[in-house]
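# Reading the structure
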Amino acid sequence: MSSKERRGRLGLPGVDRVLRSDTAAAMIARYGRPLVVDEVRTALAARRRCDAPASVESILEETAASLARDMLPSQRRVFNLTGTVLHTNLGRAPLPEEAIAAAVEAMRDPTTLEYEIETGKRGERDNHVAGWLTRLTGAEAALTVNNNAGALVLALNTLAEGRETIVSRGELIEIGGSFRLPDIMARAGTRLREVGTTNRTHLADYAAAIGPQTGLVLKVHTSNYSIHGFTAAAPAARLAALARDHAIPFVEDLGSGSLVDFGRWGLPHEPTVAEALARGADLVTFSGDKLLGGPQAGLVVGRAELIRRLARNPLKRALRLDKIRLAALEAVLRLYADPDRLAERLPAMRLLARPIEQIRALGERLLPTVGRAFRDLAEIALIETKSQIGSGALPISLLPSAALALRPLAARSGAAVEALARALRAMPIPIIGRIEAGRVILDLRCLEDETAFIAQLAAAAIKRG
Ligand SMILES: *Cc1c(COP(=O)(O)O)cnc(C)c1O
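Source: prediction; values computed, not measured. (Residues numbered from 1 in each chain as written. Predicted model: local features only at pLDDT ≥ 70, side-chain atom pairs only at ≥ 80, totals over all residues. Heavy atoms only, no water.)

## What to know about the overall build of the chain
Definition in use: We count a stretch as a helix when DSSP gives it H or I for four or more residues in a row; a strand needs E for two or more, and each element gets its number in order from the N terminus. The cut-offs for exposure are 20% and 50% of the maximum accessible area for each residue type, with area from a 1.4 Å probe on protein chains only; residues under the lower value are buried, those over the upper are exposed, and the others partly exposed. Whether two residues touch is decided by their heavy atoms; if any such pair falls within 4.5 Å, the residues are in contact. Values of accessible area rely on a 1.4 Å probe in the Shrake-Rupley scheme; residue burial ignores everything except the protein chains shown. In summary, the charge assignment counts Lys and Arg as positive and Asp and Glu as negative, without counting His or the chain termini. The location of each charge is read from NZ of Lys, CZ of Arg, CG of Asp or CD of Glu.
The helix and strand tally for the chain stands at 20 helices and 15 strands. Projected onto its principal axes, the C-alpha positions of the chain cover 85 × 55 × 50 Å. Looking at the chain residue by residue over its 465 residues, the buried ones come to 48%. Considering only contacts within the chain whose residues lie at least 6 apart along the sequence, 73% involve residues at least 24 apart. Carbon and sulfur atoms form 51% of the exposed surface of the chain, whose accessible area is close to 22300 Å². Each charge class in the chain was averaged separately, 62 positive and 52 negative side chains, and the resulting centres sit 4 Å apart.

See the structure below:
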């Protein structure tokens, strides 16, 4: 039976007839013809496949529902209550208002991205942030790219293509997804020369590996794990001196790389970029959206002559930052001019340094509303917990925090907890927690928009009756 015959037998309307209706005309005016035609066809085809009859009205209803779904933004705002502050899958650092305003302005109008107002000549895009980066780190020069993985590819390719890069076996990291140091090296065209062992690498191991084939010595911050026990690593300063004696560049990949000492906010010490340079690194690479608290970016600072070589590599063009992120990054760096107010003005820092008393007080305020919203699903308690910094920074340091713990009332099965977590994710602004010992834990450290959070929970409670 042809599809036309089957349609006739089922009494299904044709596409044209559905589209001639007033409702369809209104949909076309709102969403455009191609999308509406597509969705009408899809709805009709579904009925045909299961031999089900349908009226014009029912097809229009289905079409309206799928069109509404099509038009939902795919990337949505969420509440990050996972307890991981710089959560890579949730977009890492939230930006300060100053950076948001700068990005919006750069998006709307033409800018001086690569233009010098004074001379009317072509300018250099990295100059908008290089001044701040050198001032804040003590480096001679600075350069920006898409992310830290890009920074590393650029440095390795520029300085060690066709030659060897020496790295300790204890530092061959994998950072979630597709960042594995050996793979990055292969793509950058440099040969990995592993030295030492997983737990112990000595200066002599590096010294023995240096030869005519050596392009560069690399030290990688082991950002998402730590090795304990019988361990040894060559001190960066000694490594820098060794590389200098052989006229080989020494590059340190700091990963998070902080611009300020976290100790001043009572947080554990994370190596700063200035310290890495002071220890003798010729170049330091780090991320813009980890501890720095800015937009996604890869930053390279260090010796001017090496930065110049990196800037001349054609890969720099492929990896360069756009005007929007440069504007945001510049605004974030400007906040670092006043470290005393950083914890107030830079959201990433504010969340990391947030006092436990404040988080606990928030939990006490939220307890009744969350309790009401989930009273037929879960039993709720305010508990002590530990947040993580995330993005590989200080992997073993945990920050004392407070959380709402939801235990399902239904059978204490894994499925019940999963269902509860799913219900939280199904909120208009999805609430993302973590599952731990049969409970959904909502770490409150990163909850700042209390009003929006309470409003949607109150609405849910009313709906549930
Ligand atoms: C996070 C990290 C990277 C990758 O940085 P992205 O900005 O995510 O590209 C590279 N090296 C180290 C040590 C890291 O911690």
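## Re the pairing of strand β3 (residues 164-168)
Both faces of the sheet carry side chains from a regular strand, because those side chains alternate between them. The test is simple: When DSSP finds two or more bridges between two strands, those strands count as paired.
Counting buried positions along β3 yields five of five residues, so the element is predominantly enclosed. Of the two faces of β3, the one lined by Glu164, Ile166 and Ser168 and the one lined by Thr165 and Val167 are each fully buried. Sheet topology note: the β3/strand β7 (residues 214-220) ladder contains three bridges and is parallel. If you follow Thr165 over to β7, its bridge partner there is Leu216.

## What to know about the domain arrangement of the chain
Rules: Each domain span listed reflects an automatic or database assignment of domains.
Once the domains are mapped, the chain shows domain 1 (3-70), domain 2 (79-87 + 351-464) and domain 3 (97-345). A C-alpha centroid distance of 35 Å is found between domain 2 and domain 3.

## Some details on a nonpolar patch on the surface
Using the following cut-off: Residues enter a patch when their relative accessible area is above 30% and they make no salt bridge; the linking distance is 9 Å between like charges and 5 Å between nonpolar side chains (Val, Leu, Ile, Met, Phe, Trp, Tyr). Take a side-chain nitrogen of Lys or Arg and a carboxyl oxygen of Asp or Glu: if they are within 4 Å of each other, that pair is a salt bridge.
Together, Ile100, Val104 and Met107 line one region of the surface with nonpolar side chains, adding up to about 240 Å² of accessible area. By secondary structure assignment, the location of Met107 is in helix α6 (residues 97-108).

## Examining the packing of aromatic side chains
The criterion, for reference: Ring pairs shown here join Phe, Tyr and Trp side chains whose ring centres sit within 6.5 Å, with only the six-membered ring taken for Trp; geometry is labelled stacked below 30 degrees between planes, edge-to-face above 60, and tilted in between. In this scheme, Lys NZ or Arg CZ marks a charge over a ring once it lies within 6 Å of the ring centre and within 35 degrees of the ring normal.
As enumerated under the stated definition, the model contains two aromatic pairs in all. Aromatic side chains Phe79 and Phe453 sit 5.1 Å apart centroid to centroid with 85 degrees between the ring planes, which places their arrangement in the edge-to-face category. Taken together, the positions of Phe79 in strand β1 (residues 79-80) and Phe453 in helix α20 (residues 450-464) put the pair 374 residues apart, joining distant regions of the chain. We classify Phe453 as buried; its relative accessible area is 1%. Across the ring face of Trp265, the terminal group of Arg264 is positioned such that the distance to the ring centre comes to 5.2 Å.

## Some words on the sheet that holds strand β6 (residues 191-195)
Where we set the bar: Angles here are taken between N-to-C directions and fall from 0 to 180 degrees, while the axes themselves are lines fitted to C-alpha atoms, restricted in helices to the stretch in contact.
Ordered by their spatial adjacency, seven strands build an open sheet running β2-β10-β9-β8-β7-β3-β6, and the pairing between neighbours is mixed. Of all strands in the sheet, those bounded by a partner on one side alone are β2 (141-145) and β6. Between one strand axis and the next, the sheet turns by 25 degrees as a mean value, whatever way the strands run. Here β7 runs beside strand β8 (residues 250-255); their pairing, made up of four bridges, is parallel. When the bridges of β8 are listed, Val220 appears paired with Asp253. On the sheet, helix α8 (residues 148-160) packs against β2, β3, β7, β8, β9 (283-287) and β10 (298-302) and is oriented at approximately 155 degrees with respect to β7. Sheet strands touched by helix α13 (residues 304-312): β2, β9 and β10. Its angle to β2, the strand with the most contacts, is close to 25 degrees.

## Details of the nonpolar core
The condition is simple: The nonpolar core is taken to be a set of buried Ala, Val, Leu, Ile, Met, Phe, Trp, Tyr and Cys residues, with the residues joined through side-chain atoms within 4.5 Å.
The biggest cluster of nonpolar side chains holds 61 residues, and the ones touching the most others in it are Val284, Phe286, Leu292, Val301 and Tyr336. The residues that make up this core include at least three from each of domain 2 (79-87 + 351-464) and domain 3 (97-345). Setting aside residues no more than four positions away along its own chain, Val284 makes contact with Glu252, Leu254, Val273, Ala276, Leu277, Leu299, Val300 and Val301. Counting residues in each nonpolar core, the second largest holds 29 residues, with Leu152, Val153, Phe179 and Leu283 among its members.

## Regarding the packing of helix α4 (residues 33-49) against helix α5 (residues 56-70)
Here is the rule: Every angle not falling under 35 degrees, over 145, or within 65 to 115 is termed oblique; those three ranges are roughly parallel, roughly antiparallel and roughly perpendicular. Crossing chirality is assigned from the near helix's rotation relative to the far helix, an anticlockwise turn below a right angle marking it left-handed and a clockwise turn marking it right-handed. All residues other than Ala, Val, Leu, Ile, Met, Phe, Trp, Tyr, Cys, Pro, Asp, Glu, Lys and Arg, Gly among them, are scored as polar; the first ten of these are nonpolar and the last four charged.
Running from N to C, α4 and α5 cross one another at 125 degrees; their axes reach a closest spacing of 9 Å. As the angle between them shows, α4 and α5 are arranged oblique. α4 and α5 meet at a crossing whose hand is right-handed. Contacts between α4 and α5 involve Leu35, Val36, Glu39, Val40, Ala43, Leu44 and Arg47 on the former and, on the latter, Ser58, Ile59, Glu62, Thr63, Ser66, Leu67 and Asp70. Within the contact of α4 with α5, the residues separate by chemical class into seven nonpolar, three polar and four charged.

## Thoughts on the packing of helix α3 (residues 22-31) against α4
Contact geometry of α3 with α4 gives a least axis separation of 7 Å together with a crossing angle of 130 degrees. Relative to α4, α3 is oriented oblique. Mapping the contact onto sequence places Met27, Ile28 and Tyr31 in α3 and Arg33, Leu35 and Val36 in α4. Residue composition of the contact of α3 with α4, grouped by class: five nonpolar, no polar and one charged.

## A look at the environment of Leu424
Relative to the helices and strands, Leu424 is located in helix α19 (residues 414-425). With a relative accessible area of 2%, Leu424 lands in the buried category. Spatially, the C-alpha atom of Leu424 lies 19 Å from that of Val85, the residues being 339 residues apart in sequence. The contact partners of Leu424, leaving out residues within four places of it in the chain, are Phe374, Leu406, Pro430, Ile431, Val440 and Leu442.

## Observations regarding the environment of Thr197
Take Thr197: it is sitting in the loop between β6 and α10 (203-209). Owing to a relative accessible area of 40%, Thr197 belongs among the partly exposed residues under this scheme. When the C-alpha atoms of Thr197 and Pro110 are compared, they prove to be 53 Å apart, with 87 residues separating the residues in sequence. Thr197 has contacts with Arg169 and Gly170, leaving out every residue within four places of it along the chain.

## Points about the pairing of β8
We count it as follows: Seen with its strands pointing away from the viewer, a crossover is right-handed if its path from the first strand over the helix to the second goes clockwise.
Counting buried residues along β8, six of its six residues qualify, which places the element largely inside the surrounding structure. Note on the crossover from β8 through helix α12 (residues 273-278) to β9: the handedness is right-handed.

## Topic: the pattern of salt bridges
The final tally for this structure, using the stated rule, is 23 salt bridges. Note that Glu164 is salt-bridged to Arg193, the shortest N-O span being 3.4 Å. Of this pair, Glu164 sits in strand β3 while Arg193 sits in strand β6; the two residues are 29 residues apart in sequence, bridging distant segments of the chain. The exposure class of Arg193 is partly exposed, given its relative accessible area of 31%. Between Arg169 and Glu194 there is a salt bridge whose closest N-O contact spans 2.8 Å.

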